[in-house]
Amino acid sequence: MSQTYQPKKRKRARAHGFLKKIATPGGRKTVARRRQKGRAKLSA
């Protein structure tokens, strides 16, 4: 069976990155929750 996931850093960042999160109200909440929890990484 072939490998189906061909990771690309730029595509991942554009889809799930910090700027994409901050752009929406829900994303801002997500980042806020992760900050509150003390996550080392807030987004992709």
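Here goes a summary of the coordinates provided. Computed from a predicted structure; not experimentally measured.

### Comments concerning the overall build of the protein chain
A count of helices and strands for the protein chain gives three helices and zero strands. Going residue by residue from the N terminus, the α and β elements of the protein chain occur as α-α-α. Overall, the C-alpha framework of the protein chain stretches about 40 × 20 × 15 Å when taken along its three principal axes. With 44 residues in all, the protein chain has 11% of them scored as buried. For the protein chain, the exposed area adds up to about 4400 Å²; of that, 54% sits on carbon and sulfur atoms.

### Here's the deal with helix α3 (residues 25-37)
Here α3 spans 19 Å end to end across 13 residues, near enough to the 18 Å set by a 1.5 Å rise per residue. Positive backbone phi, approximately 90°, marks G38, located one or two places after α3.

### Considerations on the environment of A15
Structurally, A15 is set in helix α1 (residues 9-16). Sequence separation between A15 and A44 is 29 residues; the distance between their C-alpha atoms is 8.7 Å.

### A look at the side chain of S43
Relative to the assigned elements, S43 resides in the segment after α3. For S43, a relative accessible area of 17% puts it in the buried group. At 3.1 Å, the side chain of S43 and the backbone nitrogen of F18 are in polar contact. For S43, the residues in contact, after removing those within four places along its chain, are H16, G17, F18, K21 and R34.

Cut-offs and rules
Note on numbering: residues in each chain are counted from 1, in written sequence order. Since the coordinates come from a predicted model, pLDDT governs what is reported: local features require at least 70, and pairs of side-chain atoms require 80 or more to be given and counted, while whole-chain, interface and lining totals use all residues. The basis for every side-chain value is the complete set of heavy atoms in the structure, and neither hydrogens nor water enter the calculation. A helix here means a DSSP run of H or I that spans at least four residues, while a strand means a run of E at least two residues long, and both kinds are numbered starting from the N terminus. With a 1.4 Å probe rolled over the protein chains alone, any residue whose accessible area is under 20% of its type maximum counts as buried; one over 50% counts as exposed, and the rest are partly exposed. Every accessible area reported is derived by Shrake-Rupley at a probe size of 1.4 Å, with residue values counting cover from the shown protein chains alone. Expected span, for any helix, means 1.5 Å times one less than how many residues it has. Pairs of N or O atoms are called polar contacts if they sit within 3.5 Å, as long as, within protein, a hydrogen donor faces a hydrogen acceptor (for residues adjacent in sequence, only side-chain-to-side-chain pairs). In this analysis, two residues are considered to be in contact whenever any of their non-hydrogen atoms come within 4.5 Å of each other.

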